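A closer look at the structure
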Amino acid sequence: MDSHKNLQPGGYDSRNTFISNSHGPPEPEFGESDEAELVSVSWNQDYSCFAAGTSHGFRIYNCQPFKETFRRELKDGGFKIVEMLFRSNILALVGGGPNYQYPSNKVLIWDDHQSRCISEFSFRSEIRAVKLRRDRIVVVLEHKIYVYNFLDLRLLHQIENLANPRGLCCLSHHMNTSVLACPGIRRGQVRVEHFGLNMVQIINAHDSNIACMTMTLDGLLLATASTKGTLIRIFNTMDGTRLQEVRRGVDRADIYSIALSPNVQWLAVSSDKGTVHIFSLRVRVIREDANSTEHETSSNSLQSLVSPASGANPGSSLSFLRGVLPKYFSSEWSFSQFHVPEVTQYFAAFGAQNTIAIIGMDGSFYRCNFDPVNGGEMTQLEHSRFLNS
């Protein structure tokens, strides 16, 4: 690790933003620039917005209705990581892309209301990802994860893991649960840190390396895929129990995104095969008391039940030969699908009322609707080009 600089912190204001009272590190100079190239795209924590890192700054978009919310253009250089904090004015920025000016081993915490950088963190190696909670800043390097307190930037935790070039890391976002999931120290393993309970759960999720993962906002359910990309598995993060397994396909695939619907009824997966799949989940999470403490929420009121959903994933017609034929004949296949070009990466997320939003590294945005009863092909509701690839 290495170092960080910050202002004298004054605490959080009503917008959950970091307040400081003196001059911070040198900030980017935003102004007019040439035509921007897309470097990265990333959702905010509730999938209502996304950020596009460009070769000349960044842009923020609202999903429904779809529109550009604001942009910041750099005179020189761009960002490979633009991490939002819900819809607040705080962003984490890491330099990257063509002709980038800001180093890829430094995180800038940017306050867009103050139009300045309020803190920075420097490391000896390239930063793979940054994740934000209202009370935490998490910086992911290839072999280590650092967890900081947002209020005073104090280092709270250091987590060693297997090589993590994709920067895989998930955080919970409920204030009464503090959960982090990341690759473990062995192939196919996920480490789940329940910080509030001072508990670590190790989940042996796959035989191959982890390629993609996501958690519910409360951190109680985890969905994972491996580099093989054929199966997606859902786990209870409290005890590591595998609750459900669904099959994307038979051929190896590179999984780009996994998303869980807010009601934990649906799961969406995108890959290099050019199809966004939706699966029906049979997992039910029942909370006895929304105002319970973390310990009560985590240990007493989580009941993960296997029950029929409003739609069911199709299985093979040969599933009665389970145990005789290869395993994929008895798998649960996707309930609904939408086809996108195979030429680039696409990332899917759930919107309101049985809709899916899809953003692509070719600068395209799709919004689709799926039938929660009959499934099948999704209906395209909207398609926009937000940036040239």
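The structure we're discussing is the one just above.
Keep in mind the model is a prediction, meaning the values are calculated, not measured.

1. As for the side chain of Asn-164
- With respect to the element layout, Asn-164 can be found in the loop between strand 15 (155–160) and strand 16 (170–171).
- Of the polar contacts made by the side chain of Asn-164, one reaches the backbone nitrogen of Leu-168; its length is 2.9 Å.
- Excluding anything up to four places from it in sequence, Asn-164 contacts Arg-128, Val-140, Leu-141, Glu-142 and Pro-183.

2. Describing the nonpolar core
- One finds Val-107, Phe-123, Ile-127, Val-130 and Ile-137 to be the most contacted residues of the largest nonpolar core, which totals 21 residues.
- If you list the elements that add at least two residues to this core, you get strand 9 (90–95), strand 10 (106–111), strand 11 (116–122), strand 12 (129–132), strand 13 (136–140) and strand 14 (144–149).
- Take this core: its biggest share by element is three residues, from strand 9.
- Non-local contacts of Ile-137, meaning those with residues more than four positions away in its chain, are made with Ile-109, Phe-121, Val-130, Lys-131, Leu-132, Tyr-146, Val-147, Tyr-148, Phe-150 and Leu-153.

3. Thoughts on the sheet that holds strand 16
- Read across the sheet, four strands follow the order 16-17-18-19 without closing on themselves; strand pairing throughout is antiparallel. Among the strands making up the open sheet, the edge pair consists of strand 16 and strand 19 (199–204).
- Across two bridges, strand 16 lies against strand 17 (residues 179–183) in antiparallel orientation. By the bridge assignment, Cys-170 is partnered in strand 17 with Ala-181.

4. What to know about empty space enclosed by the protein
- Inspection of the entire model under this criterion finds one cavity of 30 Å³ or more.
- Approximately 30 Å³ is the volume found for the largest cavity.
- Lining the largest cavity, in full, are Arg-133, Arg-136, Val-138, Val-147, Leu-171, Ser-178, Val-179, Leu-180 and Phe-195.
- For the lining of the largest cavity, the secondary-structure elements that each account for two or more residues are strand 13 and strand 17.
- A breakdown of the residues in the lining of the largest cavity according to their chemical character gives six nonpolar, one polar and two charged.

5. Quick look at the pattern of salt bridges
- If you walk through the whole model with that rule in mind, you get 16 salt bridges.
- Among the ionic pairs, Glu-142 bridges to Arg-128, the shortest N-O distance being 2.7 Å. Placement of the pair is Glu-142 in the loop between strand 13 and strand 14 and Arg-128 in the loop between strand 11 and strand 12, with a sequence separation of 14 residues.
- Relative accessible area serves as the criterion here: at 24%, Glu-142 is assigned to the partly exposed category.
- With a relative accessible area of 28%, Arg-128 lands in the partly exposed category.
- The residue Asp-135 makes a salt bridge to Arg-136 at a minimum N-O spacing of 3.8 Å.
- Connected via shared salt-bridge partners are Lys-80, Glu-126, Arg-128 and Glu-142.

6. Structural notes on the packing of aromatic side chains
- This structure, assessed with the given rule, holds 20 aromatic pairs.
- Seen from their ring centres, Phe-50 and Phe-365 are 6.2 Å apart, and the 10 degrees between their planes marks the pair as stacked. One end of the pair, Phe-50, is in strand 5 (residues 49–54); the other, Phe-365, is in strand 32 (residues 364–369), with 315 residues separating them in the sequence.
- Using a relative accessible area of 0% as the deciding quantity, one classes Phe-50 as buried.
- An aromatic cluster is built from Trp-43, Tyr-47, Phe-50, Tyr-61, Phe-66, Phe-365 and Phe-386, whose rings are joined through pairwise contacts.
- The cationic tip of Arg-134 hangs over the ring face of Phe-86; the distance from NZ or CZ to the ring centre is 4.0 Å.

Cut-off values and rules
- Sequence positions are assigned chain by chain, starting from 1 and proceeding in written order.
- Under the rules for a predicted model, residues below a pLDDT of 70 receive no local features and side-chain atom pairs below 80 are neither given nor counted, while totals for whole chains, interfaces and linings still include all residues.
- Heavy atoms from the whole structure form the basis of all side-chain values; hydrogens and water molecules are not counted.
- Think of it this way: any DSSP run of H or I at least four residues long counts as a helix, any run of E at least two long counts as a strand, and we number them from the N terminus.
- We call two N or O atoms a polar contact when they sit within 3.5 Å, provided that within protein one can donate a hydrogen and the other can accept it, with sequence-adjacent residues counted only if both atoms are side-chain atoms.
- Residues are treated as being in contact if the distance between any of their heavy atoms lies within 4.5 Å.
- Side-chain atoms within 4.5 Å are what join buried Ala, Val, Leu, Ile, Met, Phe, Trp, Tyr and Cys residues into a set we call a nonpolar core.
- With a 1.4 Å probe rolled over the protein chains alone, any residue whose accessible area is under 20% of its type maximum counts as buried; one over 50% counts as exposed, and the rest are partly exposed.
- For two strands to pair, DSSP has to find at least two bridges joining them.
- Cavity means a closed set of points on a 1 Å grid over the protein atoms alone, one where a 1.4 Å probe fits but cannot get out, pocket means an open set with protein on both sides within 12 Å along at least 5 of 7 lines, and lining means a residue has an atom within 4 Å of a point.
- Grid points are joined across faces, edges and corners, and a volume is the space filled by probe spheres set on the points.
- Three classes are used: nonpolar for Ala, Val, Leu, Ile, Met, Phe, Trp, Tyr, Cys and Pro, charged for Asp, Glu, Lys and Arg, and polar for all others, with Gly counted as polar.
- When a carboxyl oxygen of Asp or Glu lies within 4 Å of a side-chain nitrogen of Lys or Arg, that pair is called a salt bridge.
- Stacked, edge-to-face and tilted labels apply to pairs of Phe, Tyr and Trp rings (six-membered ring for Trp) whose centres lie within 6.5 Å, assigned for plane angles under 30 degrees, over 60, and everything in between, in that order.
- Comment: the charge-over-ring label is applied if NZ (Lys) or CZ (Arg) is within 6 Å of the ring centre and within 35 degrees of the ring normal.

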